[in-house]
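Overview (structure and organization)
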Amino acid sequence: MTVADLDSRLASAELTEWMAYEKITGPLGRRRHDIQAATIASTVANANRGKGGKKFEVRDFLPAYGLERQGPQDMLAAIRGINRSMGGAEHARRDD
């Protein structure tokens, strides 16, 4: 459904009701799924962190919408940093 389709099918009053509902229950749709996944990810990361390791927060695993997208090298550097902070070691990949 396009924005124009939605605009023609959704009255202002109904949109206002949905906005109020979201304020009460929290985000709907994609953002809510991101929060649920981040909650699980932070729980798993905290359960597996080393003694005295950094305590992870849900926000550490939430995508940052609206920011400039990272390139593959930046993403790999971030993953390597998380791996190091959790006491992980990087092993060279063997190409067979």
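These remarks concern the structure in this document. (Residues numbered from 1 in each chain as written. Predicted model: local features only at pLDDT ≥ 70, side-chain atom pairs only at ≥ 80, totals over all residues. Heavy atoms only, no water.)

Now for the overall build of the protein. Along its length, the protein carries 4 helices and 0 strands. Reading the helices (α) and strands (β) of the protein from amino to carboxyl end gives α-α-α-α. Referenced to the eigenvectors of the C-alpha coordinate spread, the extents of the protein come out at roughly 55 × 35 × 25 Å. The buried share of the protein, reckoned over its 96 residues, is 6%. For the protein, contacts bridging at least 24 residues in sequence account for 32% of all contacts bridging at least 6. Approximately 8,500 Å² of the protein is accessible, and the part contributed by carbon and sulfur atoms is 56%. Looking at charge distribution, the protein has the averaged site of its 15 positive side-chain charges lying 10 Å from that of its 13 negative ones. (Helix = DSSP H or I, 4+ residues; strand = E, 2+ residues; numbered from the N terminus. Buried < 20%, exposed > 50% of the residue type's maximum accessible area, 1.4 Å probe, protein only. Contact = heavy atoms within 4.5 Å. Areas by Shrake-Rupley, 256 points an atom, 1.4 Å probe, with all protein chains shown as cover. Lys, Arg positive; Asp, Glu negative; His and termini not counted. Charge placed at Lys NZ, Arg CZ, Asp CG, Glu CD.)

Below, the discussion takes up a nonpolar patch on the surface. A cluster of nonpolar residues, Trp18, Tyr21 and Leu28, forms a patch on the protein surface that exposes about 310 Å² of accessible area. Structurally, Tyr21 can be placed in helix α2 (residues 12-25). (Patch = residues over 30% accessible without salt bridge, like charges linked within 9 Å, V, L, I, M, F, W, Y side chains within 5 Å. Salt bridge = Lys/Arg side-chain N within 4 Å of Asp/Glu carboxyl O.)

Under the counting rule described, the total for this entry stands at 2 salt bridges. Asp60 is the partner of Lys54 in a salt bridge, and the nearest nitrogen-oxygen pair spans 3.1 Å. One salt bridge connects Glu90 with Arg80, and the closest N-O pair in it is separated by 2.9 Å. One end of the pair, Glu90, is in the segment after α4 (72-85); the other, Arg80, is in helix α4, and 10 residues separate them in sequence. You can call Glu90 exposed: its relative accessible area is 51%. A relative accessible area of 34% places Arg80 in the partly exposed class.

This paragraph deals with the side chain of Ser42. Its place among the elements puts Ser42 in helix α3 (residues 30-47). The class for Ser42 is buried, based on a relative accessible area of 6%. A polar atom in the side chain of Ser42 sits 3.0 Å from the backbone oxygen of Thr39. Non-local contacts of Ser42, meaning those with residues more than four positions away in its chain, are made with Phe56, Glu57, Val58 and Phe61. (Polar contact = N/O pair within 3.5 Å; in protein donor to acceptor, adjacent residues only side chain to side chain.)

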